[in-house]
Amino acid sequence: MVLTISNITKTYKNSNKKALDNFNASLTAGVYGLLGPNGAGKSTLMNIITDNIKADSGDITFNGTSIKRMGKAFRNILGYMPQHQGLYDDFTANRFLWYMAALKGLKKQAAKERIEYALGLVNLKKDAHKKLGSFSGGMKQRILIAQALLNDPEILILDEPTAGLDPKERVHIRNFISEIALDKIVIFATHVVSDIEYAAKEVIFIKQGRLILQDTPSKVLSQVENKVWLAHIQVEKLKQIQSLYMVSNIVGEKNNLITVKIVGDDLPAELNANPALPNLEDLYLYLFNDFNEERRVQNAFTEI
Ligand code: ADP
Ligand code: MG
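Residues numbered from 1 in each chain as written. Chains lettered and ligands numbered in written order. Predicted model: local features only at pLDDT ≥ 70, side-chain atom pairs only at ≥ 80, totals over all residues. Heavy atoms only, no water.

1. Considering the side chain of Arg-174
Tracing the chain through its elements places Arg-174 in helix α7 (residues 167-180). Once residues within four sequence positions are removed from consideration, Arg-174 is found in contact with Ser-194 and Asp-195. (Helix = DSSP H or I, 4+ residues; strand = E, 2+ residues; numbered from the N terminus. Contact = heavy atoms within 4.5 Å.)

2. Overview of the packing of helix α4 (residues 93-103) against helix α5 (residues 108-121)
Between α4 and α5, the least distance of the axes is 10 Å, while the angle of their chain directions is 130 degrees. In terms of their interaxial angle, α4 and α5 are classed as oblique. Two packed elements cross with a definite hand, and for α4 against α5 that hand is right-handed. Each of Asn-94, Leu-97, Trp-98 and Ala-101 in α4 lies in contact with α5, whose residues at this interface are Lys-108, Ala-111, Lys-112, Ile-115 and Leu-119. Partitioning the contact of α4 with α5 into residue classes produces six nonpolar, one polar and two charged. (Axes fitted to C-alpha atoms, helices over the stretch in contact; angles between N-to-C directions. Parallel < 35°, antiparallel > 145°, perpendicular 65-115°, else oblique. Left-handed = near helix turned anticlockwise from the far one by under 90°. Nonpolar A, V, L, I, M, F, W, Y, C, P; charged D, E, K, R; others polar.)

3. With respect to the sheet that holds strand β6 (residues 78-81)
Pairing is mixed across the open sheet formed by six strands, whose spatial order is β6-β7-β8-β3-β9-β10. With one partner strand each, in any of the chains shown, β6 and β10 (210-215) form the two edges of the open sheet. Recorded for the sheet is a direction-independent mean angle of 15 degrees between the axes of neighbouring strands. Summarising the sheet, strand β3 (residues 30-35) and strand β8 (residues 185-190) pair through six bridges and their orientation is parallel. (Pairing = 2+ DSSP bridges.)

4. Side note on the environment of Ile-8
Summarising the element assignment, Ile-8 is placed in strand β1 (residues 3-11). Put simply, Ile-8 and Asp-21 are 13 residues apart on the chain and 6.6 Å apart in space, counted from C-alpha to C-alpha. If near-sequence neighbours (up to four positions away) are discounted, Ile-8 is found in contact with Leu-20, Asp-21, Asn-22, Phe-23, Ile-48, Ala-55, Ser-57, Gly-58, Asp-59 and Ile-60.

5. With respect to the coordination of the magnesium ion (ligand 2)
Looking at the magnesium ion (ligand 2), one finds its protein donor set to be Ser-43 (OG) and Gln-83 (OE1), positioned 2.0 to 2.1 Å from the metal centre. Note that Ser-43 is positioned in helix α1 (residues 42-49) and Gln-83 in the loop between β6 and α4, a separation of 40 residues in sequence. You can call Gln-83 partly exposed: its relative accessible area is 30%. (Donors = N, O, S within 2.8 Å, 3.2 Å for Na, K, Ca; no water. Buried < 20%, exposed > 50% of the residue type's maximum accessible area, 1.4 Å probe, protein only.)

6. Regarding the site of ligand 1
All residues adjacent to ligand 1 are Tyr-12, Asn-14, Lys-17, Ala-19, Pro-37, Asn-38, Gly-39, Ala-40, Gly-41, Lys-42, Ser-43 and Thr-44. A distance of 3.2 Å separates an oxygen atom of ligand 1 from a polar backbone atom of Ala-40. The separation between an oxygen atom of ligand 1 and a polar side-chain atom of Thr-44 is 2.5 Å. Contact with the protein chains covers 67% of the free accessible surface of ligand 1, which is 560 Å². For the shell around ligand 1, the element with the highest residue contribution is α1, accounting for three residues. Along the lines of polarity and charge, the residues of the shell around ligand 1 split into four nonpolar, six polar and two charged. (Near = heavy atom within 4 Å. Polar contact = N/O pair within 3.5 Å; in protein donor to acceptor, adjacent residues only side chain to side chain. Areas by Shrake-Rupley, 256 points an atom, 1.4 Å probe, with all protein chains shown as cover.)

7. Considering helix α6 (residues 137-148)
Over its twelve residues, α6 runs 17 Å from end to end, which matches the ideal 16 Å to within 8%, given 1.5 Å per residue. Burial of α6 is extensive: ten of the twelve residues sit out of reach of the surface. Close packing links the buried residues of α6 with β6, α4, α5, β7 (155-159) and α7. (Expected span 1.5 Å × (residues − 1).)

As structure tokens, then:
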């Protein structure tokens, strides 16, 4: 099973910049984390794979056949959870899934079985008769994943499935996605590194419409080898250090000293820093954070 994305380029009509710029990737069964900040092109890519929007150029094939040529046959093996999807608050979970099954053209008996199965997978069987309006954020995300699973898809596309969830719900969704991922190509878009750090077979970093890096979570880290350090600094110095270096994390605090993790090309020599093991979070910062961005400071503070 292989999904091949070749030279996909897309510029929206009312825009003068490329949302996708000659994007290439080859995907086999397993979970792929599609990582990039807002505006990187994740949703555009997903909308093109699912044929909701047209690419300007390029081609996508599944097992060697163009998905355009496959048409309905491709849609039949596709499950898609869009980033923004309204739910009918008055529908019960059950009714919503029956409605979606009908849209997907499932026959009655098949729909019945798949709805049972999907509700079980997302652990919402006992809530099937409740109205969607009464669901928590996490339950809503799970019912949206359930609808994407109704046709037992070989390719499952999840656009920010953990958006708006609290940490506990995030963990739940994460674990559950690795469970259902067997024998499927799963593309999981997020800008939250921890969502896919352990679940993904490979991570794909997308920046301004381009694929900039694709490999296993451990192999991509070679990009920041020897670029991450730990330094002990005085609390009062933090602001100054942050204006000079990319601080990815504040690791600890003791007396008047704090330990900061610094990411960058050059050794922060005057800080007497020691090399540290990089993680995906550091890599993400290295690849995406504009060093002058105000947000960096806030990020570092929220980690305390
Ligand atoms: P992501 O999902 O990674 O946040 P998107 O694919 O939504 O990124 O957006 C990629 C780029 O395309 C952004 O610059 C965004 O502003 C632009 N874009 C997305 N959708 C539209 C649209 N319907 N019309 C015009 N520009 C769009
Ligand atoms: Mg998006």
